[in-house]
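The chain contents come next:
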Amino acid sequence: MNHPDDIWELPTKHIGRRVQVYKSLPSTNDTAAELPSGDGTVILAQEQTAGRGQFGRSWRSPSGHGVLISTVLVAPTEVQQSAVLTGWSAISVCETLQTFGIEHATIKWPNDVLVCNKKICGVLIERCRHTIAGIGINANQTTDDFAAAGLPDAISLRMLLGHTVCTNDVARRLIECLDREFDALLAGELAALQLRWQQRLGVVGQHVRVELHGDTVIVGSLLQLTFNSLVLTESSGSRRALRPEEVRQISLQPTL
Ligand code: BTN
């Protein structure tokens, strides 16, 4: 395992009591996977050379551009589910953005946080001996950086705030939000987290297009969306219940 360039010991309860800080890593999720236990330790890097995203995509992040963290966790069974951990991560990111005055972040199923309909953050939950929650927030990229990377639908804190940000400051705020939200989850506040997640998703009651893994697409009205299930009414009138693991993407479908 690489040696950290710095170590922080934050006065948190569960997440980030130990933060291992690196100038550069291939992927913070890979380094987190090598940790001996899922004790809430956070791996933080200034740069990733082989960062991973969902569905085998890469997550490019030159030095100082992004906030790149991975947290190792052991959580109770009801909290271990990927949908819950993705929701916990995404809501913590929305709370972090709020500390910068950005109030209107939304969540795009399953793992993106958007501002002004553009992606500011992605979440990648992976499992090995323990569970790893990887989070990447766009911090200091410019519109030109995203255009050059072929990512016209991305946005950064710098673009929203009009000035560069200190990635360590953003990381620290994020870890504090993750810790507060995790503490609430352990205290049994799963339903409250789910409600805030549903509000930020904004798709319940809407006409949606649901892409399943494989090629199946279902179009209908979304009656219910929880951490455990999706219920749709198809145009034929029949009801369809799905598990989150079956669903690749949900998007709003304009009605004709
Ligand atoms: C996605 O949007 O597809 C998920 C992106 C997740 C990126 C983060 S950056 C920190 C952590 N380390 C990785 O290699 N990936 C995640």
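Look up a bit, the structure's there.
Right, let's walk through the structure included here.

Each strand in a sheet pairs with another by means of backbone hydrogen bonds, the pair being arranged parallel or else antiparallel. Here we have 5 strands laid out as an open sheet, ordered S12-S11-S10-S9-S13, and antiparallel in their pairing. Taken across any chain shown, the strands that pair with only one partner, and hence form the sheet edges, are strand S12 (239–242) and strand S13 (247–252). Within this sheet the neighbouring strands show an average axis-to-axis angle of 40°, counted without direction.

Our next topic: helix H3 (residues 82–98). For H3, spanning 17 residues, the distance from its first C-alpha to its last is 24 Å, which sits close to the expected 24 Å at 1.5 Å a residue. Most of H3 sits inside the fold, with 14 of its 17 residues counted as buried.

Another aspect to go through is the nonpolar core. Of all hydrophobic cores here, the largest spans 62 residues; its most connected members are Ile69, Trp88 and Ile137. Of all the elements, H3 adds the most residues to this core, at 9 residues. Not counting the four nearest positions on each side in its chain, Ile137 is found in contact with His65, Gly66, Val67, Val93, Ile120, Cys121, Leu157, Val170 and Leu174.

Further remarks concern the pattern of salt bridges. If the charged atoms of two oppositely charged side chains come close together, the side chains can form a pair. Scanning the model with the defined rule gives 10 salt bridges in all. The partner of Arg243 in a salt bridge is Glu245, and the shortest N-O contact between them spans 2.9 Å. With a relative accessible area of 48%, Glu245 lands in the partly exposed category. One connected set of salt bridges, linked through shared partners, spans Asp30, Arg52 and Glu126.

Attention shifts here to the site of the ligand. Close contacts around the ligand come from 22 residues, with Ser27, Gln48, Arg52, Gln54 and Lys119 the closest. Here a nitrogen atom of the ligand and a side-chain polar atom of Gln48 are 2.9 Å apart. A distance of 2.6 Å separates an oxygen atom of the ligand from a polar atom in the backbone of Gln54. In isolation the ligand offers 420 Å² of accessible surface; the protein chains occlude 99% of this area.

Turning our attention to the packing of aromatic side chains. Any two aromatic rings considered together are summarised by their centre-to-centre distance and by the angle between their planes. Within the structure shown, the criterion is met by 3 aromatic pairs. Aromatic pair Trp109 and Trp197: ring centres 6.3 Å apart, planes at 50°, arrangement tilted. Residue Trp109 is located in the loop between strand S5 (106–108) and strand S6 (112–115), and its partner Trp197 is located in helix H7 (residues 190–201); the two are separated by 88 residues in the primary sequence. Residues Trp109 and Trp197 agree in their burial class; the two are buried. Seen from their ring centres, Trp197 and Phe227 are 4.5 Å apart, and the 40° between their planes marks the pair as tilted. Remark: Phe227 occurs in the loop between strand S10 (217–225) and strand S11 (230–234) and Trp197 occurs in helix H7; sequence separation between them is 30 residues. Here the two residues Trp197 and Phe227 agree in accessibility, since each one is buried.

Our focus in this paragraph is the layout of surface pockets. Put simply, the largest pocket is a space of about 770 Å³. Listing elements by their share of the lining of the largest pocket, those giving two or more residues are helix H1 (28–33), strand S4 (66–73), strand S7 (118–127), strand S8 (131–138), helix H4 (143–148) and S13. Residues belonging to the lining of the largest pocket are distributed by class as follows: 15 nonpolar, 18 polar and 9 charged. Within this model, the second largest pocket holds a volume of roughly 400 Å³. Of all elements in the fold, only H3 and S7 reach the threshold of two or more residues within the lining of the second largest pocket. For the lining of the second largest pocket, the leading source of residues is H3, giving 4 residues. Considering only residue class, the lining of the second largest pocket consists of 9 nonpolar, 6 polar and 1 charged.

With that out of the way, let us pick up the sheet that holds strand S2 (residues 19–25). The strand order across the open sheet built from 8 strands is S1-S2-S3-S4-S8-S7-S6-S5, with neighbouring strands paired in mixed fashion. Two strands close off the open sheet at either side, each with one partner strand: strand S1 (6–8) and S5. Neighbour-to-neighbour, the strand axes of the sheet open up by a mean angle of 25°, direction not taken into account. Relative to S7, S6 runs antiparallel, the two sharing 4 bridges. Within S7, the position partnered with Val115 by the bridge is Lys118.

The terminal C-alpha atoms of H7 lie 16 Å apart, and with 12 residues this matches the ideal 16 Å at 1.5 Å per residue to within 8%. Those residues of H7 that sit buried are Leu193, Gln194, Trp197, Arg200 and Leu201. All buried residues of H7 fall inside an arc of 125° around its axis, so they share one side. H7 presents Ala191 and Gln199 as exposed residues on the side facing more than 90 degrees away from its buried surface. Taken together, the buried residues of H7 touch H3, S5, helix H6 (167–186) and S10. Gly202 sits one or two positions beyond H7 and adopts a positive phi of about 60°.

Definitions and cut-offs
Residues numbered from 1 in each chain as written. Predicted model: local features only at pLDDT ≥ 70, side-chain atom pairs only at ≥ 80, totals over all residues. Heavy atoms only, no water. Pairing = 2+ DSSP bridges. Helix = DSSP H or I, 4+ residues; strand = E, 2+ residues; numbered from the N terminus. Axes fitted to C-alpha atoms, helices over the stretch in contact; angles between N-to-C directions. Expected span 1.5 Å × (residues − 1). Buried < 20%, exposed > 50% of the residue type's maximum accessible area, 1.4 Å probe, protein only. Core = buried A, V, L, I, M, F, W, Y, C linked by side-chain atoms within 4.5 Å. Contact = heavy atoms within 4.5 Å. Salt bridge = Lys/Arg side-chain N within 4 Å of Asp/Glu carboxyl O. Near = heavy atom within 4 Å. Polar contact = N/O pair within 3.5 Å; in protein donor to acceptor, adjacent residues only side chain to side chain. Areas by Shrake-Rupley, 256 points an atom, 1.4 Å probe, with all protein chains shown as cover. Phe/Tyr/Trp six-rings, centres within 6.5 Å; stacked < 30°, edge-to-face > 60°. 1 Å grid on protein atoms, 1.4 Å probe; cavity = no way out; pocket = protein on both sides within 12 Å on 5 of 7 lines; lining within 4 Å. Points joined across faces, edges and corners; volume = space filled by probe spheres on them. Nonpolar A, V, L, I, M, F, W, Y, C, P; charged D, E, K, R; others polar. Arc of directions from axis to C-beta.

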